[in-house]
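# Structure assessment
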Amino acid sequence: MEIVTWNINGIRTFGGGIKNALDSLGADIICVQETKVTRDLLDERTAVVEGYNSYFSYSRGRSGYSGVATYCKDSATPFAAEEGLTGLLTNHEGAVGCYGDHTEFSSEELQLLDSEGRAVITQHRIMCQDKEQTVTVINVYCPRADPEKPERKQFKLQFYKLLQSRAESVLKDGSHVIVLGDVNTSHRPIDHCDPSDNDDFSENPGRKWLNGFLHSGREEEDDDDDEPDEESEVTDTIHSGIFVDTFRFFHPTRTNAFTCWSTLTGARQTNYGTRIDYILADCQLAKEQFVAADIMPEVEGSDHCPVWGKLSCSLLPSSKAPPLCTRYLPQFAGKQQKLSRFLVKVDQKSVQSEQKEVLPASQEEEERRENLNPHGAGNVPGKKRLLTSHSVVPKGKKPKTGNTSSKPQGSLLSFFKPKQANVGQCEKETGLDEDASSHSSQKALSAGEMSSVTDTGNRDTELVLDGSSQLCSGSTTAETDKRVKTKHLSSQSAVGHSEAKKGASLVFWKSVLHGPPPPPSCKVHGEPCVLRTVKKEGPNMGKQFFVCARPQGHASNPEARCNFFAWVDKGK
Ligand code: ZN
C-alpha cells in the first residue's frame, strides 16, 4: 500500500490530465490539499476520474478557497468517508464516526473549524500479516497563522486540538490512523532552512502542539545505534504523543529535507524551505507496517512537493464507494457510466483559460483580492506552476531565475502582455512557514511591509527590470489586460487611477519614449536588480524599490539573494 500527500496549490496544478497526474504519483491513496475547489467550481473532470473514487471537502464561506480531496484507486475504495473533523458536516450515513471530546469547544467554534474545507477522512480495510484491520486516513490542510491576523493564531491551534481529539478517538476505537497533509508548522530546527531567524523557535505554539502530538518513534528501540544518544534523549523528553512522523522515522538526521518553498523569492533553487507536509502514523502502524517514507522534492508544479509513504500491508477495497464519493453528486450521477465522456477530446486551451478565470492563484491572494477587487478577477497562473498533460514533471533542468525570466522586448505591443512569468513567482511568500515572515535580507522595509509586498497583491502591479529591457504591465489581471487592449495607446486611459498605477504608467511612458532607466546593480553580485512595489497600505504604499534579483536563500549562501536594497529615486 502506498500513500501520497501533496499541497497542490490549486487543482490546476494537475492541468487537464488529472488521471495522468494521479497515475504518475503511483499511490493507492492520494491526498491533496489547497485544491481551491469549492462545490460551485467542482467539475466532472476533477470529480470523476477513471480508475479512482474521490472525496472532497469544500470551504463553505468563499469560492475558490482552501479545500482538500482524497483520491483512492478503485482497488483502495474506502468503506467509510466523511467530510470535516467535527461530524457536523455529515449525515452519518457511511461516515467514520468517533468524534472525540468536544467539551472544550463551543458549537460555534466547531462549526467555524469545519467551515473552510480542511479535512476529509476515509476508512479502509487492510490486510496485515493475514489479519484484517482498518486504517483511517485523515487528510488535513491545517490553517496558516497569518501574522497580520492575530485571530488566526487561535484558529490554527483550535484546529490542531480538534484534529488531535479526532485522531486519538478513532485510534482508541481500534482503527489504525494516518494523519497526513499540510500541517503548516515545521517541527524541529532541522526541518527549517533558518530556524535562528525565528525568535523562540521552540516556543512557537504550533511546535509545542506537534511535540505533544508526536512520539519520537524510536525510544523503545533500545538497540538503536543509528541515532546519537544526545538526540534520542532530547526527542524522548519532549515527545509525549502517540503519532510518528514517518519521514523522520526513516531519516532521523537528514538535513535540508524540505517540502515547501517560497515561489516569489525563487527559494526552491537554493532549497531554502521548510518541511511542513507530513505523513503521521500511529506508533504501531509506523513500526510494524511502514517500510519507507520520503519527500519528492523533484516534483514541481506547486510551491509544495509531494510526500509518500509505503506500507507492507495490502488494501481490501470496499465493493461500493461510501455516500460522500463525488460520483454520487447529483450533477455527475449517471454520467460517469458513459464511456464517451472519457473519449471526448477536451480543448486544452479553453479548459485552461476557463480555470484561469475561476481559480485564484492562492489563498492569501484571494484574501487580498477580496479587499482590493470586489469583482475578484481570476489571476493568470504562471506556466511553470502547471503540470503538463503528462502530469508530474521531474525536475530535469533548473528553473529560470525568478523575476528575471522576461524576454527582451521585440515590439511595443509586447508591453501590453501581462508579465506571466512573474506571476508564477509571486505565490505565498509566507508559505515558507506558518508564522515566519523572515525577510532578513531586506531590512529597509518592516517585516510586515515586506510580507505584504511579496505575499499577495503585488502581482497586479509589480514592475520588473531585466537588464536591458523593462516590463511595465500595469496589471496582470485579465481585467486590466482587457482594458489596455481595448483602449490601445490612448495615453489618458493608460494612466491608472491609483497613485501606484500612475507611477507605473509614468515609468511605462518614460520607457517607451526614452528607453528604460537602467536598474542599479546589487553590490555583492554586481547584477541588475529587480524593481518591486510596496503594496501594503501605509506611508510606503506605491513606492518602488530595487532588490537583488537572485533567489532567496540562507545568508551564508553566496549564490542566494544579497541584501542590496534601494528605493527608486522619485526625482528622476
Ligand atoms: Zn545580489
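Keep in mind that what you see is a predicted model, and the values were worked out from it rather than measured.

Mean pLDDT over the protein works out to 75, with 63% of the residues at or above the 70 mark. In the predicted structure, residues 349-391 sits below a pLDDT of 50 and forms 110 contacts with residues beyond four places in sequence or in another chain. Of the regions scoring below 50 in pLDDT, residues 393-444 engages in 177 contacts with residues more than four places distant in sequence or in other chains.

What follows deals with the sheet that holds strand 15 (residues 307-311). Strands sit in the order 3-4-2-1-15-14 across an open sheet of six strands; the sheet is mixed. Every interior strand has two partners, whereas the edge strands, strand 3 (52-57) and strand 14 (290-295), have only one. The mean inter-strand angle of the sheet, taken between neighbouring strand axes irrespective of direction, is 15 degrees. Sheet topology note: the strand 2 (residues 29-33)/strand 4 (residues 68-73) ladder contains five bridges and is antiparallel. For Gln-33, the partnering residue across the bridge sits in strand 4 and is Val-68. Relative to strand 3, helix 1 (residues 18-25) is tilted by about 100 degrees, and along the sheet it contacts strand 1 (2-7), strand 2, strand 3 and strand 4.

Attention shifts here to the coordination of the zinc ion. Taken together, Cys-522 (SG), His-525 (ND1), Cys-548 (SG) and Cys-562 (SG) make up the protein donors of the zinc ion, found 2.1 to 2.3 Å from the metal. Coordination at the zinc ion is tetrahedral, judged from the four donor atoms that bind it and the angles of 102 to 117 degrees they form at the metal. Site description for the zinc ion: donor spacing in sequence, C-x2-H-x22-C-x13-C. Pair noted here: His-525 is in the loop between helix 16 (499-514) and strand 19 (530-533) and Cys-548 is in the loop between strand 20 (544-547) and strand 21 (565-567), with a separation of 23 residues, a long-range link. On the basis of relative accessibility, which here comes to 18%, the residue His-525 falls in the buried class.

The nonpolar side chains of a soluble globular protein tend to be buried with one another. Ranked by internal contacts, the top residues of the largest apolar core, which has 40 residues, are Met-1, Ile-3, Ile-29, Ile-126, Ile-178, Leu-285 and Leu-311. The next biggest cluster of nonpolar side chains, apart from the first, holds 28 residues, and it includes Ala-80, Phe-159, Ala-167 and Leu-214.

A few words on the sheet that holds strand 21. Strand pairing in a sheet takes place through backbone hydrogen bonds and is either antiparallel or parallel in direction. The three strands are arranged 19-20-21 in an open sheet whose pairing can be described as antiparallel. Two strands close off the open sheet at either side, each with one partner strand: strand 19 and strand 21. Taking each pair of neighbouring strands and ignoring which way they run, the sheet shows an average axis angle of 30 degrees.

Another point: the pattern of salt bridges. Applying the stated criterion across every chain yields a total of 16 salt bridges. Taking the shortest distance from any N to any O, the salt bridge between Arg-45 and Asp-43 comes out at 3.5 Å. The class of Arg-45 is partly exposed, set by a relative accessible area of 23%. As a salt-bridge pair, Glu-527 and Arg-550 come within 2.6 Å of each other at their nearest N and O atoms. Placement of the pair is Glu-527 in the loop between helix 16 and strand 19 and Arg-550 in the loop between strand 20 and strand 21, with a sequence separation of 23 residues. What makes Arg-550 buried here is its relative accessible area of 19%. One connected set of salt bridges, linked through shared partners, spans Asp-191, Asp-245, Arg-248 and Arg-275.

Conventions adopted
Residues numbered from 1 in each chain as written. Predicted model: local features only at pLDDT ≥ 70, side-chain atom pairs only at ≥ 80, totals over all residues. Heavy atoms only, no water. pLDDT = per-residue confidence, 0-100. Contact = heavy atoms within 4.5 Å. Pairing = 2+ DSSP bridges. Helix = DSSP H or I, 4+ residues; strand = E, 2+ residues; numbered from the N terminus. Axes fitted to C-alpha atoms, helices over the stretch in contact; angles between N-to-C directions. Donors = N, O, S within 2.8 Å, 3.2 Å for Na, K, Ca; no water. Tetrahedral: all angles 85-135°; square planar, octahedral: opposite > 155°, others 65-115°. Buried < 20%, exposed > 50% of the residue type's maximum accessible area, 1.4 Å probe, protein only. Core = buried A, V, L, I, M, F, W, Y, C linked by side-chain atoms within 4.5 Å. Salt bridge = Lys/Arg side-chain N within 4 Å of Asp/Glu carboxyl O.

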